[in-house]
Amino acid sequence: MSRWSDENGGLDFGLLALRLMLAAAMGAHGLMQVFGLFGGPGMAKFGTLLQGYGFSRNIEFLTWLTGITEVAGSVLMVLGLFTPLAAAGLLGVGISAVKAKWTGGFSSGEGYELELVLAVMAFALLLTGPGWYALDRHTAWRRKPLGFAVGGLVLAAGGAAAVGSLF
């Protein structure tokens, strides 16, 4: 019996597509902000941007923390490896980004709609697990992801709260 003929074959492809799209968007953003790839700002300009959003302390550390979390979380998402941890990291970055852009409104040029969509994608993957097409396919968090999702949600919210208070 092929994998496609199983009951949730379409669901597994959908989760793969969701993982890959989230990884592409967040990973490219991390590479842009830290390393200046794809025409991105690089660390100095990204630090200035963060200061514009109200962050005032340890800006260089925050740029590295954000960029490395986005890149590492995205690599793990592509592989479907340690998915709860990767999703929690990307969700934490997403929460922090939505909070930072909140005053820009939902759909203006400085709005937070993209960050909200990416955060919800990470949250969805935290709740569902990576699907069958992942290195995590034989782990407990793929078969029964809800308990791990609760831990990941606590980690993401705690990380976002720490960023808000420490930076």
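Residues numbered from 1 in each chain as written. Predicted model: local features only at pLDDT ≥ 70, side-chain atom pairs only at ≥ 80, totals over all residues. Heavy atoms only, no water.

J.: Would you explain the packing of helix H2 (residues 42–52) against helix H3 (residues 59–79) in this entry?
T.: Packed helices, taken two at a time, are described by their axes: the angle between them and the distance between them. Running from amino to carboxyl end, H2 crosses H3 at an angle of 105°, the nearest separation of the two axes being 9 Å. As far as their axial angle goes, H3 and H2 are roughly perpendicular. Residue-level contacts link Met 43, Phe 46, Gly 47, Leu 50 and Gln 51 of H2 to Ile 59, Glu 60, Leu 62, Thr 63, Trp 64 and Thr 66 of H3. Along the lines of polarity and charge, the residues of the contact of H2 with H3 split into 6 nonpolar, 4 polar and 1 charged. (Axes fitted to C-alpha atoms, helices over the stretch in contact; angles between N-to-C directions. Helix = DSSP H or I, 4+ residues; strand = E, 2+ residues; numbered from the N terminus. Parallel < 35°, antiparallel > 145°, perpendicular 65-115°, else oblique. Contact = heavy atoms within 4.5 Å. Nonpolar A, V, L, I, M, F, W, Y, C, P; charged D, E, K, R; others polar.)

J.: What's the story with H2 in this structure? I'm lost.
T.: Think of an α-helix as 3.6 residues a turn; residues three or four steps apart then line up on the same face. Listed as buried for H2 are Gly 42, Met 43, Phe 46, Gly 47 and Leu 50. In a view along the axis of H2, the buried residues occupy a sector of 150°, so they form one face of it. Turned more than 90 degrees away from the buried face of H2 sit Ala 44, Lys 45, Thr 48 and Gly 52, all of them exposed. With its phi angle positive at about 105°, Gly 54 sits one or two positions after the end of H2. (Buried < 20%, exposed > 50% of the residue type's maximum accessible area, 1.4 Å probe, protein only. Arc of directions from axis to C-beta.)

J.: It is not clear to me how unusual backbone geometry should be interpreted in this structure. Could you clarify?
T.: Comment: phi is negative for the bulk of residues other than glycine, and the bulk of peptide bonds are trans. Unlike most non-glycine residues, Asn 58 shows phi in positive territory, near 50°. Within the secondary structure, Asn 58 is located in the loop between H2 and H3. For Asn 58, a relative accessible area of 51% translates into the label exposed. Even without a glycine there, the phi angle at Phe 82 is positive, about 50°. In this structure, Phe 82 sits in the loop between H3 and helix H4 (83–101). Given the relative accessible area of 44%, Phe 82 is considered partly exposed.

J.: Is there a simple way to think about the packing of aromatic side chains in this case?
T.: When we look at a pair of aromatic rings, we describe it by the centre distance and by the angle of the planes. Applying the stated rule across the entire model yields 7 aromatic pairs. Ring geometry for Phe 106 versus Tyr 112: centroids 5.6 Å apart, planes at 80°, classification edge-to-face. A relative accessible area of 45% means that Phe 106 is categorised as partly exposed. Through pairs of rings, three or more aromatic residues link up here, namely Phe 82, Trp 141 and Phe 148. The side chain of Arg 137 reaches across the aromatic face of Trp 132, ending 5.5 Å from its centre. (Phe/Tyr/Trp six-rings, centres within 6.5 Å; stacked < 30°, edge-to-face > 60°. Lys NZ or Arg CZ within 6 Å of the ring centre and 35° of its normal.)

J.: Please clarify how a nonpolar patch on the surface should be interpreted in this entry.
T.: On the surface, a cluster of nonpolar side chains totalling about 520 Å² of accessible area is made up of Phe 123, Leu 127, Leu 146, Val 150, Leu 153 and Val 154. Contributions of two or more residues to the nonpolar patch are made by helix H5 (113–128) and helix H7 (146–166). With respect to the helices and strands, Leu 153 occurs in helix H7. Exposure remark for Leu 153: the relative accessible area of 37% places this residue in the partly exposed category. (Patch = residues over 30% accessible without salt bridge, like charges linked within 9 Å, V, L, I, M, F, W, Y side chains within 5 Å. Areas by Shrake-Rupley, 256 points an atom, 1.4 Å probe, with all protein chains shown as cover. Salt bridge = Lys/Arg side-chain N within 4 Å of Asp/Glu carboxyl O.)

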